[in-house]
Amino acid sequence: GRVELLGAVMATCCGHKINGADLDMYAQLHSHDEYLAKLTGGDHSRVLHLLGLCTRCVAWRTTAGATANRIVPSQVAAAELFEDALQQPRLDMLARLFPAAEEVVFVS
């Protein structure tokens, strides 16, 4: 059969670039996210603390590819987990906004 394309949403994130006022905006946008609430108990200050931790560490994965880096494999694995923690609320929001949508391309 045919698929009717109604639109497209392209979502991207550079987790390490979420800082300053962006931290509070992220926390506000995702304040009712179930996944985030499980991690933080829904406490705004705990969300900000988690974001501060995650956003500092997600760049480890990218830095690991640089010449003469000192990133170890466990840091890369941790960076991927931190990135997942940042992305899940965004994915949840997209699923709520576009319930019939489907991810067709994921670029790692």
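Enquirer: Just checking my understanding: could you explain the overall build of the protein for this structure?
Expert: The helix and strand inventory of the protein stands at 5 helices and 0 strands. Seen through its C-alpha atoms, the protein measures out along the principal axes to roughly 50 × 35 × 25 Å. Relative to its 108 residues, the protein shows a buried fraction of 23%. Relative to all contacts within the protein whose residues are 6 or more apart in sequence, the contacts with residues 24 or more apart total 61%. Here the protein displays about 8100 Å² of accessible surface, and carbon together with sulfur accounts for 58% of that area.

Enquirer: What exactly am I supposed to notice about helix 3 (residues 44–57) here?
Expert: The periodicity of an α-helix, 3.6 residues per turn, causes residues three or four places apart in sequence to face the same way. In a regular helix each residue adds 1.5 Å, so 14 residues correspond to 20 Å; helix 3 covers 20 Å between its end C-alpha atoms and thus fits that length. All buried positions along helix 3 are accounted for by Val47, Leu50, Leu51, Gly52, Cys54, Thr55 and Cys57.

Enquirer: Would you explain the packing of helix 1 (residues 21–29) against helix 3 in this entry?
Expert: A packed helix pair is summarised by two numbers, namely the angle formed by the two axes and the spacing between the axes. Running from amino to carboxyl end, helix 1 crosses helix 3 at an angle of 125°, the nearest separation of the two axes being 10 Å. Our classification of the angle between helix 1 and helix 3 gives oblique. By crossing handedness, the relation of helix 1 to helix 3 is classed as right-handed. In this structure, helix 1 uses Leu23, Asp24, Tyr26 and Ala27 to contact helix 3, whose residues at the interface are His44, Val47, Leu48, Leu51, Gly52 and Thr55. In terms of residue class, the contact of helix 1 with helix 3 is made up of 6 nonpolar, 3 polar and 1 charged.

The rules we used
Residues numbered from 1 in each chain as written. Predicted model: local features only at pLDDT ≥ 70, side-chain atom pairs only at ≥ 80, totals over all residues. Heavy atoms only, no water. Helix = DSSP H or I, 4+ residues; strand = E, 2+ residues; numbered from the N terminus. Buried < 20%, exposed > 50% of the residue type's maximum accessible area, 1.4 Å probe, protein only. Contact = heavy atoms within 4.5 Å. Areas by Shrake-Rupley, 256 points an atom, 1.4 Å probe, with all protein chains shown as cover. Expected span 1.5 Å × (residues − 1). Axes fitted to C-alpha atoms, helices over the stretch in contact; angles between N-to-C directions. Parallel < 35°, antiparallel > 145°, perpendicular 65-115°, else oblique. Left-handed = near helix turned anticlockwise from the far one by under 90°. Nonpolar A, V, L, I, M, F, W, Y, C, P; charged D, E, K, R; others polar.

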